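# Architecture at a glance
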Amino acid sequence: MAISLCFSSLISNTKQYPRIPLYKTIKPIFTLTRPKISNPNFQSIRCVSENAQNLDVVPAKSRWENWLSIAASLYPVYVTVGGVVACLKPSTFSWFVKASPTSYSLALWFIMLAMGLTLEIKELLNLLLQRPLSILFGCAAQYTIMPVLGLILSKFLGLSPSNSVGLILLACCPGGTASNVVTLIAQGDVPLSIVMTACTTIGAVLLTPSLTKILAGTYVSVDAIKLSISTLQVVVAPILLGSYMQHKFPKAVKIVTPFAPLLAVLATSLVAASIFSENVGRLRSSVVGISLSSDLPVLTRAQNLLTSEFGLVAVSVASLHFAGFFVGYLSAALVGFSEPQRRAISIEVGMQNSALGVVLATSHFSSSPAVALPAATSAIIMNIMGSCLGFFWRCTNPPQPKISLEVTDKL
């Protein structure tokens, strides 16, 4: 009986609850255009893959880090000022010149070490896997367009054997770190520029000596093996060491990294100005000899200056970089790359590692000091031309593609 009463009470007190749906209708996909962010200190978020669990938030740089970045971007100014000082008072850099070529090699070693400290091998490999076509195209353009242009210009302008070797050696060098700064100014594809610089620099161990041997071997004897060993010692070894230090001692490297770009550009400017000061005597003699001929018309004197040794070197170097910028952009456009990628490839092709050219020239062609003149002249002309091109492109903004996000909700 008791059992019967219990069941009857439970059944009689049962309440009817409304049914609640387990899900609600949502829009599976929506598109967002670029948001307008009014707060300049808003933290930036890196793009992540669909399978990423967390968003990687990159904190905004501090004020002193921004000042260091601005100071490093003034690299063309440092090179230009160094060139002017080298012309007016060459003895300013005599302390560095006397210790050459060891001083030049150590300076380049330090520059490449700074590059290695800011380069993560994992990020490099990820970019290689994500964008192999544009990277391979840019590297191929670097080691085909510029060497061919160097050979053509040396023959067309009738350069001396020493200057021809110097121009071809410069054309066979990899892209320089200054191209990354110029690409940033030009609003180009900066990650592509950085990876291209790293890949062409590593490839320089074999490609720079081999191409120089093939193209300049008819002028002077070129030892490709010694050039390869020197390139390995002063380029690849410090980059790998810097990357290893970044992985092994991340806290210490994090403190040093903000200063690395500025120190690297200052070291590059010092090398370029020092080499330039070595050849100022030859420049002055040609200019003075032409200026003393006051009875000649102005146009004739200008023509004589351009046909002098230094004038021909300056014209050949400027033509080399201008043609590199133009052909690099044109080839990237013909293949169908986007505007930021075209700019990055153009700048990377047109700007060489002039410091490496100087080191290789002074180390392996010491009997002919004129071999280093094109690379030293390039350090000044190239950066002025590259900076002007970067600011021109900055004034003509590339079309910004819309950013679309696909959001899906899963139960």
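Keep in mind that what you see is a predicted model, and the values were worked out from it rather than measured. (Residues numbered from 1 in each chain as written. Predicted model: local features only at pLDDT ≥ 70, side-chain atom pairs only at ≥ 80, totals over all residues. Heavy atoms only, no water.)

### Quick look at the overall build of the protein
- Helix and strand counts for the protein come out as 19 helices and two strands.
- When the accessible surface of the protein is totalled, it reaches about 23300 Å², and 68% of it is carbon and sulfur. (Helix = DSSP H or I, 4+ residues; strand = E, 2+ residues; numbered from the N terminus. Areas by Shrake-Rupley, 256 points an atom, 1.4 Å probe, with all protein chains shown as cover.)

### Here we look at the packing of helix 9 (residues 178–185) against helix 17 (residues 339–350)
- Their axes nearest at 9 Å, the elements helix 9 and helix 17 cross at an angle of 150 degrees. When the axes of helix 9 and helix 17 are compared, the pair comes out roughly antiparallel. The crossing of helix 9 and helix 17 is right-handed. Residues Ser179, Asn180, Val182 and Thr183 of helix 9 lie in contact with helix 17, whose contacting residues are Ala344, Ile347 and Glu348. (Axes fitted to C-alpha atoms, helices over the stretch in contact; angles between N-to-C directions. Parallel < 35°, antiparallel > 145°, perpendicular 65-115°, else oblique. Left-handed = near helix turned anticlockwise from the far one by under 90°. Contact = heavy atoms within 4.5 Å.)

### Brief notes about the side chain of Thr212
- When you line up the elements, Thr212 lands in helix 10 (residues 190–216).
- Accessibility expressed as a relative area gives 0% for Thr212, which makes it buried. (Buried < 20%, exposed > 50% of the residue type's maximum accessible area, 1.4 Å probe, protein only.)

### Some thoughts on the environment of Pro374
- Tracing the backbone shows Pro374 in helix 19 (residues 373–395).
- Its relative accessible area of 1% is what places Pro374 among the buried residues.
- Placed 60 residues apart in sequence, Pro374 and Ala314 show a C-alpha to C-alpha distance of 7.5 Å.
- The residues touching Pro374, leaving out its near neighbours within four places in the chain, are Asn163, Gly166, Leu167, Leu170, Val313 and Val317.

### Here's the deal with helix 2 (residues 63–73)
- Among the residues of helix 2, Leu68, Ala71 and Ala72 are the ones counted as buried. The buried residues of helix 2 all sit within an arc of 100 degrees when viewed along its axis, so they share a single face. Within helix 2, the exposed residues directed more than 90 degrees away from the buried face are Arg63 and Trp67.
- In this structure, the buried residues of helix 2 make contact with helix 3 (75–88) and helix 13 (260–278). (Arc of directions from axis to C-beta.)

### Re a nonpolar patch on the surface
- On the surface, a nonpolar cluster with roughly 540 Å² of combined accessible area is contributed by Trp67, Ile70, Leu74, Val77, Val81 and Val85.
- Among the elements of the structure, helix 2 and helix 3 are those that each provide at least two residues to the nonpolar patch.
- No other element matches helix 3, which puts three residues into the nonpolar patch.
- Mapped onto the fold, Val85 is located in helix 3.
- Exposure remark for Val85: the relative accessible area of 30% places this residue in the partly exposed category. (Patch = residues over 30% accessible without salt bridge, like charges linked within 9 Å, V, L, I, M, F, W, Y side chains within 5 Å. Salt bridge = Lys/Arg side-chain N within 4 Å of Asp/Glu carboxyl O.)

### A word on the pattern of salt bridges
- Across all of its chains, the model carries three salt bridges by this definition.
- Ionic pairing is found between Arg131 and Asp189, a salt bridge with its closest N-O pair at 2.1 Å. With Arg131 in the loop between helix 6 (121–130) and helix 7 (132–156) and Asp189 in the loop between helix 9 and helix 10, this pair connects stretches of sequence that are 58 residues apart.
- Of the charged contacts, one joins Arg342 and Glu339 as a salt bridge, the two residues approaching to 3.7 Å between their closest N and O atoms. Pair noted here: Arg342 and Glu339 are both in helix 17, with a separation of three residues, about one helical turn.
- A relative accessible area of 22% places Arg342 in the partly exposed class.
- Glu339 sits in the buried class, given a relative accessible area of 16%.

### What about the environment of Cys199?
- Following the sequence through the fold, Cys199 ends up in helix 10.
- In sequence terms Cys199 and Cys139 are 60 residues apart; their C-alpha atoms lie 7.2 Å from each other.
- Not counting chain neighbours up to four residues away, the residues in contact with Cys199 comprise Leu128, Ile135 and Cys139.

### Structural notes on the packing of aromatic side chains
- Counted under the stated rule, the structure contains five aromatic pairs.
- Aromatic ring contacts, followed pair by pair, group Trp95, Phe96 and Tyr104 into a single cluster. (Phe/Tyr/Trp six-rings, centres within 6.5 Å; stacked < 30°, edge-to-face > 60°.)

### Some thoughts on the nonpolar core
- Counting residues in hydrophobic clusters, the biggest one holds 94 residues, and the most contacted among them are Tyr104, Leu108, Val235 and Leu320.
- When sequence neighbours within four positions are dropped, the list of residues in contact with Val235 reads Leu108, Met112, Thr201 and Leu356. (Core = buried A, V, L, I, M, F, W, Y, C linked by side-chain atoms within 4.5 Å.)

### Notes on helix 3
- A rise of 1.5 Å per residue sets the reference length of helix 3, with its 14 residues, at 20 Å; its end C-alpha atoms lie 20 Å apart and thus fit the reference within 8%.
- Within helix 3, the full set of buried residues consists of Tyr75, Pro76, Val79, Gly82, Gly83 and Ala86. Summarising the axial view, the buried residues of helix 3 lie within an arc of 130 degrees, below the 170-degree limit, and thus occupy one face. (Expected span 1.5 Å × (residues − 1).)

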